[in-house]
Amino acid sequence: MKIDPVFKSLDHIAPRSGFILDLGCGYGFAAHWLAQCTDARTFLGVDYDENKIRIARQTAPQHPRIQFEFQDILEFEYPACDAILLLDVLHYWTPEKQQVILDKARRALRPSGKLILRDGAKADDGAHRHVHRWEKFATRLGLNQTREGLHFQTLNELIDALKNAGFTRWEIVREAGRDSNVLLVAKTD
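Predicted model only: the values in this text are computed from it and were never measured.

A. The packing of helix α4 (residues 95–108) against helix α6 (residues 155–165), seen in detail. The interhelical angle for the contact between α4 and α6, taken along N-to-C directions, is 45°, at an axis separation of 9 Å. Judged by the angle between their axes, α4 and α6 are oblique. Regarding α4 and α6, the two cross each other, and that crossing is right-handed. Within the contact between the two elements, α4 uses Gln98, Gln99, Leu102, Asp103 and Arg106 and α6 uses Leu158, Ala161, Leu162, Asn164 and Ala165. Considered class by class, the residues forming the contact of α4 with α6 number five nonpolar, three polar and two charged.

B. View of helix α3 (residues 50–59). Buried residues of α3: Lys52, Ile53 and Ala56, and no others. An end-on view of α3 places all buried positions within 95° of arc, on one side of the element. Exposed residues pointing more than 90 degrees away from the buried face of α3 are listed as Glu50 and Gln58. Buried residues along α3 sit in contact with β2 (41–47) and β3 (66–70).

C. Focus on unusual backbone geometry. Positive phi, close to 60°, is recorded for Asp88, a residue that is not glycine. Topologically, Asp88 is positioned in the loop between β4 (81–87) and α4. The class of Asp88 is partly exposed, set by a relative accessible area of 23%. The phi angle at Ser112 is positive, at roughly 70°, despite the residue not being glycine.

D. Highlighting the pairing of strand β1 (residues 18–23). Counting buried residues along β1, five of its six residues qualify, which places the element largely inside the surrounding structure. Alignment of β1 against β2, held across six bridges, turns out to be parallel. The residue of β2 that forms the bridge with Phe19 is Thr42. In the classification by handedness, the crossover that spans β1, the intervening helix α2 (residues 29–37) and the parallel β2 is right-handed. Here β1 pairs with β4 via three bridges, running parallel. Of the residues in β4, the one forming a bridge with Leu21 is Ile84.

E. View of the environment of Arg16. Within the secondary structure layout, Arg16 lies in the loop between α1 (6–13) and β1. On the basis of relative accessible area, Arg16 is assigned to the partly exposed category, the value being 44%. On a C-alpha basis, the gap between Arg16 and Asp39 in space is 8.8 Å, while along the polypeptide they are 23 residues apart. In contact with Arg16, not counting residues within four places along its chain, are Asp11, Cys37, Thr38, Ala40 and Arg41.

F. Region of interest: the pairing of β2. Buried residues dominate β2, accounting for six of its seven residues. Note that β2 and β3 share five bridges and pair parallel. Bridging across to β3, Leu44 finds its partner in Gln67. Between the parallel elements β2 and β3, the chain passes through α3 in a crossover that is right-handed.

About the criteria used
- Residues numbered from 1 in each chain as written.
- Predicted model: local features only at pLDDT ≥ 70, side-chain atom pairs only at ≥ 80, totals over all residues.
- Heavy atoms only, no water.
- Axes fitted to C-alpha atoms, helices over the stretch in contact; angles between N-to-C directions.
- Helix = DSSP H or I, 4+ residues; strand = E, 2+ residues; numbered from the N terminus.
- Parallel < 35°, antiparallel > 145°, perpendicular 65-115°, else oblique.
- Left-handed = near helix turned anticlockwise from the far one by under 90°.
- Contact = heavy atoms within 4.5 Å.
- Nonpolar A, V, L, I, M, F, W, Y, C, P; charged D, E, K, R; others polar.
- Buried < 20%, exposed > 50% of the residue type's maximum accessible area, 1.4 Å probe, protein only.
- Arc of directions from axis to C-beta.
- Pairing = 2+ DSSP bridges.
- Right-handed = clockwise from strand over helix to strand, strands pointing away.

See below:
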């Protein structure tokens, strides 16, 4: 967490209070990090990697504000929430399914809600080749799971997908990414 720049920015970006849905939560690092910053946030983390959810649950068995569930984010009905974290997971689905996820996220967000999206922005440069190589390595070793391969989109394609989902405003937080990873904060109004 110390070497990933997203954690330095996340507390300032996420709402100080409210219900946060963490899609593709993995081991639950983001929820734990944000829960330590204020007592006014509650979390539901979901992931389709059953082993990661098992471990995440073991890290918060008695935590009153953090819950983890084994769910496929394509099939799961997103509850109404104040913010959605979608960190480093969108590229595990085809662009069409990515759009479905973003559409569902937009519908689940309450007024003034935020989607906090970080993903590798496809580009023909060394920075993106590094991200792509790491993801291929991680999925081959089973550190991360994908059912459909890797489907990175360019920054413009990601922004177009946000527009298509109905987001009207977004900003890029450059200091929260490294290599080709870009953090987009999209808002519902």
